[in-house]
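Structure assessment
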Amino acid sequence: SDDYGTGGPPANSDGYDSYGGGGYGETTPAPAPAMLPPVANADCVGAPAYEDVAAFDKCVMCHDSMKAAGQRKSAPINVNFDSQAGAESHAMQAVIIVKAGVMPPIPSGLTLTEAEKQQLYTWAMCSM
């Protein structure tokens, strides 16, 4: 039976069903869309790997999953940069707060150079 229960489309129909599918009585499924290879972002050529991001050496002074709460200098217990998975899960947050000048906090005595910031930004944008 078709959408109308009459054995065919109404006389004023263009032959397509009400669900956006093909014509009535169509038995061949629509072809799958062609799978295109991923397009490389030219800005990411030569992007650093997690291990190469120098900023993480400073971040883990507080944001280390092995540090107890008292050793973290108020860093949230669930925000860590000592593993790639942890860093990836907070990459965009890190970019935002580093760009805003909130991290590393001034009382920590730690600073990031412009090169370290740029490396972090590039890694975050290209690793996702």
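Our structure is the block above this text.
So, here's what we can say about the structure. (Residues numbered from 1 in each chain as written. Predicted model: local features only at pLDDT ≥ 70, side-chain atom pairs only at ≥ 80, totals over all residues. Heavy atoms only, no water.)

**Remarks on the pattern of salt bridges**
- Here the structure, examined in full by the defined rule, presents 2 salt bridges.
- For K58, the salt bridge is made with E116, and the minimal N-O distance between the two is 2.9 Å. Of the two residues, K58 sits in helix α1 (residues 55–59) while E116 sits in helix α4 (residues 114–127), which places them 58 residues apart along the sequence.
- Here E116 falls in the buried class, since its relative accessible area comes to 13%.
- As a salt-bridge pair, E114 and K117 come within 3.4 Å of each other at their nearest N and O atoms. One end of the pair is E114 and the other is K117, both in helix α4 and 3 residues apart, which spans about a single turn.
- For E114, a relative accessible area of 58% puts it in the exposed group. (Salt bridge = Lys/Arg side-chain N within 4 Å of Asp/Glu carboxyl O. Helix = DSSP H or I, 4+ residues; strand = E, 2+ residues; numbered from the N terminus. Buried < 20%, exposed > 50% of the residue type's maximum accessible area, 1.4 Å probe, protein only.)

**A look at the packing of aromatic side chains**
- Evaluated as defined, the whole model comprises 4 aromatic pairs.
- Ring centres of Y50 and F56 lie 5.2 Å apart, and the angle between their planes is 35 degrees; this geometry places the pair in the tilted category.
- Between F56 and F81, the aromatic rings sit 5.6 Å apart at their centres with planes inclined by 15 degrees, giving stacked as the arrangement. Here the residue F56 occupies a position in helix α1, and F81 occupies one in the loop between α1 and α2 (84–89), the gap between them amounting to 25 residues. Across the pair, exposure class does not vary: F56 and F81 are buried alike.
- Among the aromatic residues, those joined into a ring-pair cluster are Y50, F56, F81 and W123. (Phe/Tyr/Trp six-rings, centres within 6.5 Å; stacked < 30°, edge-to-face > 60°.)

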